[in-house]
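The primary structure of each chain is shown beneath.
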Amino acid sequence: IQQKGVGNGGGDNGGTADVEFTASCLDGYYYGEKYGEGSDRYAFFLSDQGLNNGGQAYTNGTYYYIDCFAPADKSITLPLGTYTFDKSNSGKAYSINSENSQLILTGESVEATTTKYLTDAKMTVSANKILLEVTIDGKLHKVTFFGSLELEDVSGENPDNGGGNDDPTGGQDGQAQSTLE
């Protein structure tokens, strides 16, 4: 499900950002508890262009990909709360997976795509708003999104939790997929 943000208001959690970005799109998936008991998994992109019908990024776009966990409550809407960076990737509630979360900058072609992994992150989710603060290459990025926090429910897919590729980044080992449209 692609959610279009509304407004372009501020939102400041204190401190000065090296990069400020207002995302206009939220695209992603609710996985439920398929990756561990007690926490629901959410994986999504905050971007300026969204994804095409095939789930791929558009060219010349900015995509912050977040893989996070929240208390298991079977909700396809990203739960309210403060999420913190988890270097151990424990899958605990209100954690951001450090292994998968990244910034993807698409170019004119797949070869021109740059991927940068986060070294720290904090995300505050409130009613119809996400404030994401991430550190990439020593720089603080502040990302805001205003709009619906509902994600596509894929929790019923692949019930045996074996095989398949549930990674919205396309399993490209750090390389984003891009389409020339």
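Everything below is about the structure shown above.
Now for a quick tour of the structure. Every value quoted in this text rests on a predicted model; they were computed, and no experiment measured them.

A few words on the overall build of the protein. Along its length, the protein carries 0 helices and 15 strands. Counting only residues that meet the buried cut, the protein has 47% of its 181 residues in that class. Across the protein, every contact between residues at least 6 apart in sequence was considered, and the portion connecting residues at least 24 apart equals 61%. Working note: accessible area of the protein is about 8400 Å², and carbon and sulfur atoms make up 45% of it.

Let us look at the side chain of Asn-52. Checked against the element boundaries, Asn-52 lands in the loop between strand 4 (39–47) and strand 5 (57–58). When its relative accessible area of 11% is taken as the criterion, Asn-52 is described as buried. Looking at Asn-52, its side chain comes within polar contact range of the main-chain nitrogen of Gly-54, at 2.8 Å.

Before going further, it helps to spend a moment on the packing of aromatic side chains. Any aromatic ring pair is given by two values, namely how distant the centres are and how the planes are angled relative to each other. With the rule as written, the count across this model stands at 7 aromatic pairs. Aromatic pair Tyr-30 and Tyr-42: ring centres 5.2 Å apart, planes at 45°, arrangement tilted. Placement of Tyr-30 in strand 3 (residues 25–32) and of Tyr-42 in strand 4 is noted, with a sequence separation of 12 residues between them. Take Tyr-30: its relative accessible area is 2%, and that puts it in the buried class. Overall, the relative accessible area of 0% leaves Tyr-42 in the buried class. On the basis of an interplanar angle of 40° and a centroid distance of 5.0 Å, the ring pair of Phe-45 and Tyr-65 is categorised as tilted. Of this pair, Phe-45 sits in strand 4 while Tyr-65 sits in strand 6 (residues 62–71), and the two are 20 residues apart along the sequence.

Okay, the environment of Tyr-94 next. Assignment of secondary structure puts Tyr-94 in the loop between strand 7 (81–86) and strand 8 (95–97). Tyr-94 gets classed as partly exposed once you look at its relative accessible area, which sits at 30%. Put simply, Tyr-94 and Arg-41 are 53 residues apart on the chain and 9.9 Å apart in space, counted from C-alpha to C-alpha.

Thresholds, definitions, all that
All residue numbers refer to position in the chain's written sequence, counted from 1. Reporting in this predicted model follows two pLDDT cut-offs: at least 70 for local features of residues, and 80 or more for side-chain atom pairs to be given and counted; totals over whole chains, interfaces and linings ignore these cut-offs and use all residues. Here the side-chain values reflect all heavy atoms present in the structure, with hydrogen atoms and water set aside. Runs of E in the DSSP output that reach at least two residues are strands. Runs of H or I that reach at least four are helices, and both are numbered from the N terminus. Between buried and exposed lies partly exposed: a residue is buried under 20% and exposed over 50% of the maximum accessible area for its type, with that area taken using a 1.4 Å probe on protein chains only. Note on contacts: a residue pair is in contact if any heavy atoms of the two residues lie within 4.5 Å. Accessible areas in this description were obtained via Shrake-Rupley with a 1.4 Å probe; residue shielding takes into account the shown protein chains only. Counting of polar contacts relies on pairs of N or O atoms within 3.5 Å, with two restrictions inside protein: one atom must be capable of donating a hydrogen and the other of accepting it, and residues adjacent in sequence are counted only when both atoms are side-chain atoms. Centres within 6.5 Å are what make two rings of Phe, Tyr or Trp a pair, Trp counting through its six-membered ring; a difference in plane orientation under 30 degrees is then read as stacked, over 60 as edge-to-face, and the rest as tilted.

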